[in-house]
Amino acid sequence: MSTKKPVKLRSFWLILIGGMLTGMGNGSVFGATLMCLMGRGNFDNWGGINATAYDPHTFTGFIDWAMIVFGIAFCLIMIVALGRHEKLEQAAA
């Protein structure tokens, strides 16, 4: 009988780095698309310096938060996918 850790625990760094890189990359594409479609829109300040880069009321802050949310979402997707993969492997064994 095997006492190996679950795949989700063994793949912590894969989930964190792969999920955040993929998700934040997709979030930046979302931001670029948004910028092309609406310009700066109703954002009074573009942000981008110090703490305003993460203020969601500025354009850059909104895009930065979108990238963070996309990154977290992709990490969660990877956790679910690896959990299901592990169940399939256990069923096959």
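Attention in this report is confined to the structure presented alongside it. (Residues numbered from 1 in each chain as written. Predicted model: local features only at pLDDT ≥ 70, side-chain atom pairs only at ≥ 80, totals over all residues. Heavy atoms only, no water.)

**Observations concerning the overall build of the chain**
When helices and strands are tallied, the chain shows three helices and zero strands. From first element to last, N terminus to C terminus, the chain shows the α and β order α-α-α. Relative to the compact-globule value of 12 Å for 93 residues, the chain shows a C-alpha radius of gyration of 18 Å, a clear excess of over 25%. Overall, the chain is about 60 × 25 × 15 Å in size when its C-alpha atoms are taken along their principal axes. The burial tally for the chain puts 26% of its 93 residues in the buried class. (Helix = DSSP H or I, 4+ residues; strand = E, 2+ residues; numbered from the N terminus. Rg over C-alpha atoms; globule rule 2.2 N^0.38 Å. Buried < 20%, exposed > 50% of the residue type's maximum accessible area, 1.4 Å probe, protein only.)

**Here we look at the nonpolar core**
Listed in full, the five residues of the largest apolar core are L34, F43, F59, I63 and M67. Here this core takes three residues from helix α3 (residues 59-92), the largest share from any one element. Those residues in contact with M67 that lie beyond four places of it in its chain are G23, M24, G27 and S28. (Core = buried A, V, L, I, M, F, W, Y, C linked by side-chain atoms within 4.5 Å. Contact = heavy atoms within 4.5 Å.)

**So, the environment of L34**
Within the secondary structure layout, L34 lies in helix α2 (residues 12-38). With 37 residues separating them in the primary sequence, L34 and G71 have C-alpha atoms 18 Å apart. Each residue touching L34, except ones within four places of it in the same chain, is listed here: G39, F62 and I63.

**A closer look at unusual backbone geometry**
Positive phi, close to 50°, is recorded for N50, a residue that is not glycine. When you line up the elements, N50 lands in the loop between α2 and α3. The class of N50 is exposed, set by a relative accessible area of 70%.

**Focus on the packing of α2 against α3**
Contact geometry for α2 and α3: axes closest at 6 Å, N-to-C directions at 140°. As far as their axial angle goes, α3 and α2 are oblique. The two elements α2 and α3 cross, and the hand of that crossing is right-handed. Its residues assigned to classes, the contact of α2 with α3 comprises 21 nonpolar, nine polar and no charged. (Axes fitted to C-alpha atoms, helices over the stretch in contact; angles between N-to-C directions. Parallel < 35°, antiparallel > 145°, perpendicular 65-115°, else oblique. Left-handed = near helix turned anticlockwise from the far one by under 90°. Nonpolar A, V, L, I, M, F, W, Y, C, P; charged D, E, K, R; others polar.)

**Notes on the packing of aromatic side chains**
With the rule as written, the count across this model stands at two aromatic pairs. Between F12 and W13 the ring centres are 5.0 Å apart and the planes differ by 80°, which places this aromatic pair in the edge-to-face class. The class of F12 is partly exposed, set by a relative accessible area of 45%. On the accessibility criterion, W13 (58% relative accessible area) is exposed. (Phe/Tyr/Trp six-rings, centres within 6.5 Å; stacked < 30°, edge-to-face > 60°.)

**Structural notes on α2**
Helical periodicity: at 3.6 residues per turn, an α-helix aligns residues three or four positions apart in one direction. For α2, spanning 27 residues, the distance from its first C-alpha to its last is 38 Å, which sits close to the expected 39 Å at 1.5 Å a residue. Considered for burial, the residues of α2 that qualify are I15, G19, G23, G27, G31 and L34. At the exit of α2 stands G39, carrying a positive phi of roughly 65°. (Expected span 1.5 Å × (residues − 1).)

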